[in-house]
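# Examining the three-dimensional arrangement
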2 protein chains.
Amino acid sequence: MSGKLDDAGMDLIFREARTHNVWLDQQVSDATLHELYDLMKYGPTSANCSPARIVFVRSREAKERLRPALAKGNVDKTMNAPVTAIIGYDLRFYDRLPELFPHTDARSWFTGKEELADATAKRNGSLQGAYFIIAARAVGLDCGPMSGFDQARVDAEFFAGTDVRSNFLCNLGYGDASALHPRSPRLDFDEACTLL
Amino acid sequence: MSGKLDDAGMDLIFREARTHNVWLDQQVSDATLHELYDLMKYGPTSANCSPARIVFVRSREAKERLRPALAKGNVDKTMNAPVTAIIGYDLRFYDRLPELFPHTDARSWFTGKEELADATAKRNGSLQGAYFIIAARAVGLDCGPMSGFDQARVDAEFFAGTDVRSNFLCNLGYGDASALHPRSPRLDFDEACTLL
């Protein structure tokens, strides 16, 4: 590849994008969710392991299953969001490596190595969680990611009998920009980076 | 925000972007690294905790300090890359919360809670690692992220006496597209996503 993203693109995915808590009355279509996934799936993961698994909670019934697991401060904004994505990761991601990374026996790197598989699922599942946020913004959605929920309860309700575990939640919709507070400060380059 | 990213932008950061292993003889300027950080810093983290810490290894001397920690298959491409970023996270990220999240006492959520702080640093440090990759592509760089290295050795060499730990490495430069292999497959929407 060559070239840079234009200013409008940098604004859309990073500089002007904000975490939203108040949502306009505008639904999110199936087509938009597919478009989101069909971008995020291209983000790189270690050995293309792609451990992220996503549940889009959109119906009223599914939202009510999520409600008891939410931290108190996250209930209203989540119940009001058009969609809440549960971003999870599959601890048995390596069973898909023969298809996803076919040119070598990558599955054997992880079988019986629970600690390595766990760290790999979490690291790469979180990378994919960030690709999800950026891809959502790229397709015109606003995001409200959050960690404030009972992971064990979400796992029991949505992932029982599987090897998938919840990582974080992300509300999706079209945000009400008039409800935003000023953006919090970020660390300067010299506080976060060293150049050797 | 409103609007979507245009097709060229989606191609640049997701659809056409590839992991590179072979680098053109073109250096990466300080200005480009600052531009990269000044985009990635805006990606959202839990309570704006911003745990990522980055060492840009660019000089020959610093590259030689990194060499012994690299997995055998990663040595040549890393030594040849114009820059190798060590993406780390600060386990004491919460000491900065009074500045980063000033409207409440968020520091107290983590003090003395080592397990929560560790999980938060890793999850959010990985989210920021993905923002780093996307921001690098946005400023026109190619990336070669990798997990194949000795984390303890990198930590001892680059983060001794600190609470920073390495997460993954990412080569940066301008890739030689003629050296790319065909892209590996991705999971389909229905394999990775559920819509409830």
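Before any of the text, the structure's been laid out above.
Description of the structure in this document. The model shown is predicted, which means the values in this text are computed figures rather than measured ones.

Moving on: the sheet that holds strand β5 (residues 193-195) of chain B. If you walk across this open sheet you meet the five strands as β3(A)-β4(A)-β2(A)-β1(A)-β5(B), and the pairing is mixed. Looking along the sheet, the strands with just one partner apiece sit at the ends: β3 (142-146) of chain A together with β5 of chain B. Each strand axis lies, on average, 25 degrees off the axis of its neighbour in the sheet, ignoring direction. Across the sheet, helix α2 (residues 30-40) of chain A touches β1 (52-57) and β4 (164-173) of chain A together with β5 of chain B, and the angle it forms with β1 of chain A is around 165 degrees.

All names here are of chain B. Most of strand β2 (residues 83-90) sits inside the fold, with eight of its eight residues counted as buried. In the sheet, strand β1 (residues 52-57) pairs with β2 via six bridges, with the strands oriented antiparallel. Pairing of V55 across the sheet is with I86, part of β2. With eight bridges joining them, β2 and strand β4 (residues 164-173) adopt antiparallel strand pairing. Looking across to β4, one finds that I87 is bridged to F168.

A word on the packing of aromatic side chains. For the structure shown, the criterion picks out 18 aromatic pairs over all chains. Relative to F189 of chain B, the ring of Y37 of chain A has its centre 5.9 Å away and its plane inclined at 85 degrees; by these criteria the two rings are edge-to-face. Linking Y37 of chain A in helix α2 with F189 of chain B in helix α8 (residues 189-192), this pair reaches from one chain into another. Neither Y37 of chain A nor F189 of chain B differs from the other in exposure class; each is buried. Here Y131 of chain A and F14 of chain B contribute two aromatic rings whose centre-to-centre distance is 6.4 Å and whose plane-to-plane angle is 90 degrees, an arrangement assigned as edge-to-face. Taken together, the positions of Y131 of chain A in helix α6 (residues 114-138) and F14 of chain B in helix α1 (residues 7-15) put the pair across two chains.

What follows covers the relation of the copies chain A and chain B. Mapping chain A onto chain B is achieved by rotating through 180 degrees and translating by 0.0 Å along the same axis, at an RMSD of 0.0 Å. Taken together, the rotation and translation relating the two chain copies correspond to the operation of a two-fold axis. A share of 100% of interface residues in chain A that are also interface residues in chain B marks the association as one of identical surfaces.

Note that R15 of chain A resides in helix α1 (residues 7-15). The exposure class of R15 of chain A is partly exposed, given its relative accessible area of 27%. Taking the C-alpha atoms as reference, R15 of chain A lies 20 Å from L36 of chain A; in sequence the two are 21 residues apart. If near-sequence neighbours (up to four positions away) are discounted, R15 of chain A is found in contact with D7, M10 and R183 of chain A together with L39 and Y42 of chain B. Only 2.6 Å separates the side chain of R15 of chain A from the side chain of D7 of chain A, close enough to count as a polar contact. At a separation of 2.9 Å, a polar atom in the side chain of R15 of chain A contacts the side chain of D11 of chain A.

Conventions we followed
- Residues numbered from 1 in each chain as written.
- Chains lettered and ligands numbered in written order.
- Predicted model: local features only at pLDDT ≥ 70, side-chain atom pairs only at ≥ 80, totals over all residues.
- Heavy atoms only, no water.
- Pairing = 2+ DSSP bridges.
- Helix = DSSP H or I, 4+ residues; strand = E, 2+ residues; numbered from the N terminus.
- Axes fitted to C-alpha atoms, helices over the stretch in contact; angles between N-to-C directions.
- Contact = heavy atoms within 4.5 Å.
- Buried < 20%, exposed > 50% of the residue type's maximum accessible area, 1.4 Å probe, protein only.
- Phe/Tyr/Trp six-rings, centres within 6.5 Å; stacked < 30°, edge-to-face > 60°.
- Least-squares fit on C-alpha atoms with pLDDT ≥ 70 in both.
- Polar contact = N/O pair within 3.5 Å; in protein donor to acceptor, adjacent residues only side chain to side chain.

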